[in-house]
Amino acid sequence: MPLAAAIIPVTPFQQNCALVWDEESKRGVVIDPGGDLDRIQAAIAELGLTIETILLTHGHIDHAGGAAALAEALAVPIVGPSREDAFLLDDLPAQGARFGFEGVRAVTPDRWLTEGETVGIGGHDFGVLHCPGHTPGHVVFTNAAAGFAIVGDVLFQGSVGRTDFPYGDGAALIAGIRGKLFPLGDEIAFICGHGPGSTFGAERRGNPFAGDGAQDG
């Protein structure tokens, strides 16, 4: 499938904002624009993309802090995450103040997502999985035919998302990884919210927190 992706690390948290698009039509999406919108828009222009949607995996500042302004600038809708993260999206201005981000606006998505739905990325359908634990409304986008997923802060190369928030749930996070992501297939490659990507197979075999050899509890 003619899908392509580019990663733009944004904010002091070095969050992986992703551009994903169809190479033939040059139509695509922005995923998790946490900030540094000038860099994101420069990359869109350099690649010659037509952005159709902003997708959010969850409501943390480094993933969603720039979504409202970018949606306005590009005149596109915001889609996701799941409604359980509404309290985080409402709280974005306060999150911004805590971390020194200026001009952060609250986000009300044009469409909330639930598991089993699909979202379009450049004409390709990606399935939506609800994978709570890091946040209550975290979603993951998957396309088995392309062998590709965008997992946000659920799973990383050699690690998993933080769950030490008042609303975190470590058991739910691991259950989602093992019960929803790994069964999609070892060959599925993923972009995560921070750091380098990996494959579900590599993490199933070797991830010390969620892999086959991980100690539960």
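Below or above, wherever it landed, is the structure these notes cover. Remember, predicted model here, so these are calculated numbers, not experimental data.

**Examining the overall build of the protein**
- Scanning the protein from N- to C-terminus turns up seven helices and 13 strands.
- Here the C-alpha radius of gyration of the protein, 16 Å, is about what a compact globule of 217 residues would show, namely 17 Å.
- Overall size of the protein, expressed as C-alpha extent along the three principal axes, is 45 × 40 × 30 Å.
- Classification of the 217 residues of the protein by burial places 53% in the buried group.
- Taking the intrachain contacts of the protein between residues at least 6 apart in sequence as the baseline, contacts between residues at least 24 apart amount to 59%.
- Both charge centroids of the protein, one from 12 positive and one from 27 negative side chains, sit 1 Å from each other.

**Points about the sheet that holds strand β13 (residues 198-199)**
- The mixed open sheet is built from six strands, whose spatial order is β6-β7-β8-β9-β12-β13. Two strands close off the open sheet at either side, each with one partner strand: β6 (118-121) and β13.
- In this structure, strand β12 (residues 189-192) lies alongside β13, joined through two bridges in antiparallel fashion. When the bridges of β13 are listed, A189 appears paired with T199.

**Things to note about the state of the cysteines**
- The full count for this structure, using the stated rule, is zero disulfides.
- Not part of a disulfide, C17 finds its nearest cysteine sulfur in C192, a span of 14 Å.

**As for the pairing of strand β1 (residues 3-10)**
- Alignment of β1 against strand β2 (residues 15-22), held across eight bridges, turns out to be antiparallel. Note that in β2 the partner of A6 across the bridge is L19.
- Following β1, the chain reverses through four residues before pairing antiparallel with β2; T11 in that reversal takes a positive phi of roughly 65°.

**So, the pattern of salt bridges**
- Tallied over the entire structure, the rule returns ten salt bridges.
- Here R162 and D164 are joined by a salt bridge, their closest N and O atoms 2.9 Å apart.
- In this structure, the salt-bridge partner of D186 is R205, at a minimum N-O distance of 3.7 Å. One end of the pair, D186, is in the loop between α6 (170-181) and β12; the other, R205, is in helix α7 (residues 200-206), and 19 residues separate them in sequence.
- Judged by its relative accessible area of 54%, R205 falls in the exposed class.

**Overview of the packing of aromatic side chains**
- Under the counting rule described, the total for this entry stands at seven aromatic pairs.
- Seen from their ring centres, F13 and F101 are 6.2 Å apart, and the 25° between their planes marks the pair as stacked. You can see F13 sitting in the loop between β1 and β2 and its partner F101 sitting in the loop between α5 (92-99) and β6, a full 88 residues away along the chain.
- Residue classification places F13 among the partly exposed residues on the basis of a relative accessible area of 36%.
- Note on F101: relative accessible area 15%, which makes it buried.
- On the numbers, 6.1 Å between centres and 85° between planes, the contact of F126 with F148 is edge-to-face. Here F126, found in strand β7 (residues 124-130), pairs with F148, found in strand β9 (residues 148-152); they are 22 residues apart in sequence, far enough to count as distant. An identical accessibility class is assigned to F126 and F148; each is buried.

**Notes on the nonpolar core**
- In this structure, L19, V30, I40, I54, L56 and V107 are the most contacted members of the largest nonpolar core, which totals 29 residues.
- For this core, the secondary-structure elements that each account for two or more residues are β1, β2, α1 (37-47), β4 (50-55), α2 (61-64) and α3 (67-74).
- Sequence-distant contacts of V107, that is, excluding residues within four places in its chain, are made with L56, A64, A67, A68, I78, L89, D90 and L92.
- C131, V151, L181 and F200 belong to the second-largest nonpolar core, a separate cluster that totals 19 residues.

**A look at the side chain of H138**
- Note on placement: H138 falls in the loop between β7 and β8 (139-143).
- The class for H138 is buried, based on a relative accessible area of 0%.
- A distance of 3.0 Å separates the side chain of H138 from the backbone nitrogen of D153, its partner in a polar contact.
- Ignoring anything within four residues of it in the chain, the contact list for H138 reads T57, H58, D85, L129, H130, C131, P132, V151, G152, D153 and V154.

What counts, and at which threshold
- All residue numbers here refer to positions counted from 1 along the written sequence of the relevant chain.
- Thresholds applied to this predicted model are a pLDDT of at least 70 for local features of residues and 80 or more for the giving and counting of side-chain atom pairs; totals over whole chains, interfaces and linings are not thresholded and use all residues.
- The side-chain quantities take in all heavy atoms of the structure and omit both hydrogens and water.
- Helix numbering and strand numbering both begin at the N terminus, where a helix is a DSSP run of H or I of at least 4 residues and a strand a DSSP run of E of at least 2.
- Restricting the calculation to C-alpha atoms gives the radius of gyration, and the globule rule supplies 2.2 Å times the number of residues raised to the power 0.38.
- Only protein chains enter the accessibility calculation, which uses a 1.4 Å probe; a residue whose area is less than 20% of its type maximum is buried, one above 50% is exposed, and one in between is partly exposed.
- Whether two residues touch is decided by their heavy atoms; if any such pair falls within 4.5 Å, the residues are in contact.
- Asp and Glu are treated as the negative residues and Lys and Arg as the positive ones, with His and the ends of the chain left uncounted.
- Where a charge lies is defined by one atom per residue type, namely NZ (Lys), CZ (Arg), CG (Asp) and CD (Glu).
- When DSSP finds two or more bridges between a pair of strands, those strands are recorded as paired.
- Criterion for a disulfide: a pair of cysteine sulfur atoms at a distance within 2.5 Å.
- Any Lys or Arg side-chain nitrogen located within 4 Å of an Asp or Glu carboxyl oxygen qualifies as a salt bridge.
- Side-chain rings of Phe, Tyr and Trp (the six-membered ring for Trp) are treated as a pair once their centres are within 6.5 Å; stacked means planes under 30 degrees apart, edge-to-face means over 60, and tilted covers the remaining angles.
- Throughout this description, the term nonpolar core refers to a set of buried Ala, Val, Leu, Ile, Met, Phe, Trp, Tyr and Cys residues connected via side-chain atoms within 4.5 Å.
- Whenever two N or O atoms come within 3.5 Å, that pair is a polar contact, provided that in protein one can donate a hydrogen and the other can accept it, and provided that, for residues adjacent in sequence, both atoms are side-chain atoms.

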